[in-house]
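# Notes for the structure review
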Amino acid sequence: MVGRFDSANGDAFVLEDRYADDFVMPSLDAEQNVELLEGGSSGGYTWWVGTRRLRRNCNSLERLDDLDVQLFDSLQNMLFAGGRSHTFGYHNIRTTRVVNLFEEVAVAEPAGTQMFSANVTDLNGTDYTVPTDDTTYWCTPFSAPADKNYHMVKVSVTPDSELLHHLVVFACTRPHPGGSCKEMDRFCSALYYSWSPGMEDFYAPLEAGLPFGKDGTVYFALQAHFDNPSGTVGIVDRTSISFDYTDELREHDLGAMLIGGPIELLKIDPGHKAFFFDRMCPGECLAHLIPEGGITIVQTLEHMHSYGRSSGTEIIRNGKVIKDLTWKRYDFNHQRASVDKFQLMPGDSMRHWCTYDTMRANETITGGLSTQTEMCFAFSLHYPASIRECTEVTGATANDEACQQTQLHLRCGGRLSPRCPHRSNRLFLHFSEALAHAPD
């Protein structure tokens, strides 16, 4: 279903039934199984109301044709694009939203909040010029108010360059020096928040917030990944990130968790249409880290590079998949986060997987930080904050056979606290069971 203004029809608003079987402009379907009830533009918003049958019905003359996507009571993608004309074509301003069309969802702006922001800058605090290198990881340090404890309740990113591939905010135990940062040092490696092009503003659930302040983290590093394969010269980036925060602390602290496998294991030969790669985070390990009442995951962002085609995170309980967050059409240039809220209980396992299309590749694709290589990760926000990372590492050993070659980074205390010894956050499970629920 495509709702748009049509320049060929006197700029009238139309609702069209279109289809595409690849990353190409959607074509008009010979059968138009949609009906526009009303639509237009007012107050800076474009809107429309239309109808379409939910599913195929073989006994009905109004059944959907084979080109129509079936609508489900689950998350599906809606794409938005804007430009300077009403022609149907590529638009520079674009975003996406993952919604369940069967549910009514209202997002209210947080009230009574304050705001601070950070910009990508060079070491002198001035505008940052993107290098001509193929891949650049650049860190800008910033600090947050430290007079009392706070919760961040909204995060907004204003990207300024098409070369920006993603942003990651790291919590630090001391100020970061800034500069090149492909590898984060041990004082600044706690994942706090992540963003990729196409993501909307993040609104924390009313019962939780990202913690910082007097008894927690006040130093941060904003890591920006720039992708400049053509070596374009003179691109200035002024990307900014803003945080709405409150001193009215909510019930839970949100924490960030990284899920996935070691990228050094990825080796994909050319000629694959759907190369499959997956990793497990076993329940035997997670049982030591998740509190008795479980944790609630509120956002999940899947991340691959340009050969990625689909990915997913599964929650497995008693041998059965009870939750499946699958992205059937991953788009490297238009990434998005699921806001489907669900619980992870002690004993649950997580399986994360990715597929890759290397039909256009001329050589073996390996895992790496460059966008010409590949990744397979998911970033999740959850509460109460319990797990920082669930990834496999090569060459690791553990006494617990169920957790062999699995590195689980523990969260130290109720907040990300600089008083917590950093080394205690990176012990293997069999060394750190007693720390899993330690208060400090």
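As the structure is a computational prediction, the values presented were derived from the model and not from experiment.

## Regarding the state of the cysteines
Inspection of the entire model under this criterion finds three disulfides. Disulfide pairing is shown between Cys-139 and Cys-181; the S-S distance is 2.2 Å. The disulfide joining Cys-139 to Cys-181 has a torsion of about 95° about its S-S bond and is therefore right-handed. One end of the pair, Cys-139, is in strand S11 (residues 135-143); the other, Cys-181, is in the loop between strand S14 (179-180) and strand S15 (190-195), and 42 residues separate them in sequence.

## Description of the sheet that holds S15
As summarised here, the arrangement of the five strands in space is S14-S11-S18-S13-S15, forming an open sheet in which the pairing is antiparallel. Since the sheet does not close on itself, it has two edges, and those belong to S14 and S15, each with one partner. In this structure, strand S13 (residues 164-172) lies alongside S15, joined through five bridges in antiparallel fashion. Among the inter-strand pairings, Leu-167 is bridged to a residue of S15, identified as Trp-195.

## Quick look at unusual backbone geometry
Each neighbour pair has its own omega, and for Tyr-383 with Pro-384 the value is -15°, a cis peptide bond. Relative to the assigned elements, Pro-384 resides in the loop between strand S32 (377-383) and strand S33 (387-392). If you check the backbone angles, Asp-11 has positive phi at about 60° while not being a glycine. Here Asp-11 is to be found in the loop between strand S1 (2-6) and strand S2 (12-16). With a phi close to 55°, Asn-318 is a non-glycine residue in the positive phi region. Secondary-structure assignment places Asn-318 in the loop between strand S26 (308-317) and strand S27 (320-327). Relative accessible area serves as the criterion here: at 76%, Asn-318 is assigned to the exposed category.

## Here's the deal with the environment of Ser-310
One can find Ser-310 in strand S26. Taking the C-alpha atoms as reference, Ser-310 lies 7.5 Å from Thr-326; in sequence the two are 16 residues apart. Residues in contact with Ser-310, not counting those within four places in the same chain, are Met-304, Trp-327, Lys-328, Tyr-330, Trp-353, Cys-354 and Thr-355.

## A few points about a nonpolar patch on the surface
On the surface, Leu-37, Tyr-45, Trp-47 and Val-49 cluster together to form a nonpolar patch covering roughly 420 Å² of accessible area. The greatest single-element share of the nonpolar patch, amounting to three residues, is contributed by strand S6 (residues 45-52). Looking at the element boundaries, Tyr-45 is found in strand S6. A residue is classified by how much of its surface remains accessible, and Tyr-45, at 61% relative accessible area, is exposed.

## A short note on the pairing of S27
Bridge count between S26 and S27: seven bridges; the pairing is antiparallel. By the bridge assignment, Ile-315 is partnered in S27 with Lys-323. In sequence, S26 turns back onto S27 through a hairpin of two residues, with Asn-318 there showing a positive phi of about 55°.

## Section: the confidence of the model for the chain
Of all residues in the chain, 81% attain a pLDDT of 70 or more, and the chain-wide mean is 81. Ranking the elements of the chain by mean pLDDT puts helix H2 (residues 429-432) last with 27 and strand S20 (residues 240-246) first with 97. Here residues 59-63 is modelled with pLDDT under 50, and outside its nearest four sequence neighbours on either side it reaches six contacts, counting other chains as well. Contacts of residues 394-440 to residues separated by more than four positions or lying in other chains number 107 contacts, the stretch itself having pLDDT below 50.

Parameters at a glance
All residue numbers here refer to positions counted from 1 along the written sequence of the relevant chain. In view of the model being predicted, local features appear only for residues whose pLDDT reaches at least 70, and side-chain atom pairs are presented and counted only at 80 or more, with totals across whole chains, interfaces and linings using the full set of residues. Hydrogens and water molecules were not included; the side-chain quantities draw on all heavy atoms of the structure. Any two cysteine sulfur atoms within 2.5 Å of one another count as a disulfide. Only DSSP runs of H or I reaching four residues or more are called helices, and only runs of E reaching two or more are called strands; each is numbered from the N terminus. Pairing between two strands is assigned when DSSP locates at least 2 bridges connecting them. Buried means the residue's accessible area, taken with a 1.4 Å probe over protein chains only, is under 20% of the maximum for its type, while exposed means over 50%, and partly exposed covers the values in between. Should any heavy atoms of two residues lie within 4.5 Å, those residues are counted as being in contact. Only residues whose relative accessible area exceeds 30% and that form no salt bridge are eligible for patches; like-charged ones are grouped when within 9 Å, while nonpolar side chains (Val, Leu, Ile, Met, Phe, Trp, Tyr) are grouped when within 5 Å. Exposure was quantified through the Shrake-Rupley algorithm and a 1.4 Å probe, taking into account, for residues, occlusion by the shown protein chains and nothing else. Throughout this description, the term salt bridge denotes a Lys or Arg side-chain nitrogen within 4 Å of a carboxyl oxygen of Asp or Glu. Confidence of the predictor in every single residue is expressed as pLDDT, which spans 0 to 100.

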